[in-house]
Structure formats: C-alpha cells, structure tokens
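Geometric and topological summary
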Amino acid sequence: MDQLRQHTVIDTPYEPFTLVATDGVLSGLYMTGQRHRPAEETFGERDERPFGAVVEQLEAYFQGDLKEFDLPLDLHGTPFQRSVWERLRQIPYGETRTYGELAEALGNPGASRAVGLANGKNPVGVIVPCHRVVGADGSLTGYGGGLPRKRRLLDFERGTALF
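Residues numbered from 1 in each chain as written. Predicted model: local features only at pLDDT ≥ 70, side-chain atom pairs only at ≥ 80, totals over all residues. Heavy atoms only, no water.

**Brief notes about the nonpolar core**
If you look at the biggest cluster of nonpolar residues, it comprises 38 residues, and the most contacted ones within it are Phe-17, Leu-19, Leu-58, Tyr-61, Leu-88 and Ile-127. Looking at this core, the elements that each hand over two or more residues are strand 2 (17–22), strand 3 (25–31), helix 1 (52–62), helix 2 (79–88), helix 3 (99–105), helix 4 (112–120) and helix 5 (147–157). Ranked by residue count, the leading element in this core is helix 1, at 5 residues. (Core = buried A, V, L, I, M, F, W, Y, C linked by side-chain atoms within 4.5 Å. Buried < 20%, exposed > 50% of the residue type's maximum accessible area, 1.4 Å probe, protein only. Helix = DSSP H or I, 4+ residues; strand = E, 2+ residues; numbered from the N terminus.)

Structural data, given as structure tokens:
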C-alpha cells in the first residue's frame, strides 16, 4: 500500500523550511541546500493541513518559548540511525554532546564515526537536534545544513543570538 506524502514550505525567522509528512506524520524537515535533502518530487503534493502542530511548535521554538518538541515523527532509517536520532532528542536545549559521548551512551564507544554519519542523515533537523553535536574538542563539525547554520542555532539556544 502506498503511503501518502505531503509537504509545505514555511517561513521561519531562520529561513524557509520544507516540511514533509508521511500519512499525516512529520517525516522530514529540510533547509535550502541541505546535504542529503531528497529530491523535491519525493515530497508529495503541497498541502498545509498535516502541519499545524509542527508550525505552532516551530514558532514557539523560534520565539524562545519552547525548549523541547513534542511531535509524533515518522523517521525512516536503519535501526542504528533511529537509535542515534532518539538519543539526539535527549540532548537538552542549549547543551551539546560530542559524537564520542553519543557513541558511549549507545553502548558502543568506538562508534563515534558511525554516530556522525547517522547524525548527518537525520531527516528532521532542528526538531531532532543534530545541531547540538560537536567534535571531541568542542569544535563545530559536520552539519548537513552548513556550519554557519549550526553556529546560529547553537548561539540562539545559548541566548547569545536572536533570530
């Protein structure tokens, strides 16, 4: 049975986001020029109806009123990728973790490179906060949306920048 895919594009203080839903559940949030962004034709028909709660929570986040998203997600990936994405959702707002810390938390301390690859394939950026992962020395490394975007999101969450 085919899954119904729909999308919309919303303006945010950050930039336009393309939201994708599979059978009415958020399955993608993509930035312009994002690495690993699927082809537009895979997003389905344009329809704003499935995205009301997503838009409300993103607006609250960008106003500084929401620290943790509470949305159903339909994330497609390997079991390892999904475990990394679930671990990302546990990183508190305004904090960071290293790839190594995530690998250790997953019970596989030698898997920091695999964690980085899974992090880069996260289909729902911002909501699944892959921007909160940094290198072992605290440096900004690898972000599918580009390092300037990662810096801006981290600075916003730390209260050192506004949108």
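**With respect to the environment of Val-84**
Relative to the assigned elements, Val-84 resides in helix 2. Using a relative accessible area of 1% as the deciding quantity, one classes Val-84 as buried. Measuring from C-alpha to C-alpha, the distance between Val-84 and Ala-105 comes to 9.6 Å, with 21 residues separating the pair along the chain. Setting aside chain neighbours within four positions, we find Val-84 in contact with Leu-106, Val-115, Ala-118 and Asn-119. (Contact = heavy atoms within 4.5 Å.)

**Some thoughts on the sheet that holds strand 1 (residues 5–10)**
Whenever strands of a sheet pair, they do so through backbone hydrogen bonds, lying parallel or antiparallel. If you walk across this open sheet you meet the 4 strands as 3-2-1-4, and the pairing is mixed. Each having just a single partner strand, strand 3 and strand 4 (45–46) make up the two edges of the open sheet. Pairing analysis gives 2 bridges linking strand 1 to strand 4, with the strands arranged parallel. What sits directly across from His-7, in strand 4, is Arg-46. Set on the sheet, helix 1 makes contact with strand 1, strand 2 and strand 3; between it and strand 2 the angle comes to about 145°. (Pairing = 2+ DSSP bridges. Axes fitted to C-alpha atoms, helices over the stretch in contact; angles between N-to-C directions.)

**Structural notes on the pattern of salt bridges**
A full pass over the atoms with the stated rule returns 6 salt bridges. As a salt-bridge pair, Glu-15 and Arg-149 come within 2.9 Å of each other at their nearest N and O atoms. Of this pair, Glu-15 sits in the loop between strand 1 and strand 2 while Arg-149 sits in helix 5, and the two are 134 residues apart along the sequence. For Glu-95, the salt bridge identified is with Arg-97, shortest N-O distance 3.1 Å. Looking at Glu-95, the relative accessible area reads 35%, which means it is partly exposed. (Salt bridge = Lys/Arg side-chain N within 4 Å of Asp/Glu carboxyl O.)

That's the geometry; what it means functionally is another story.
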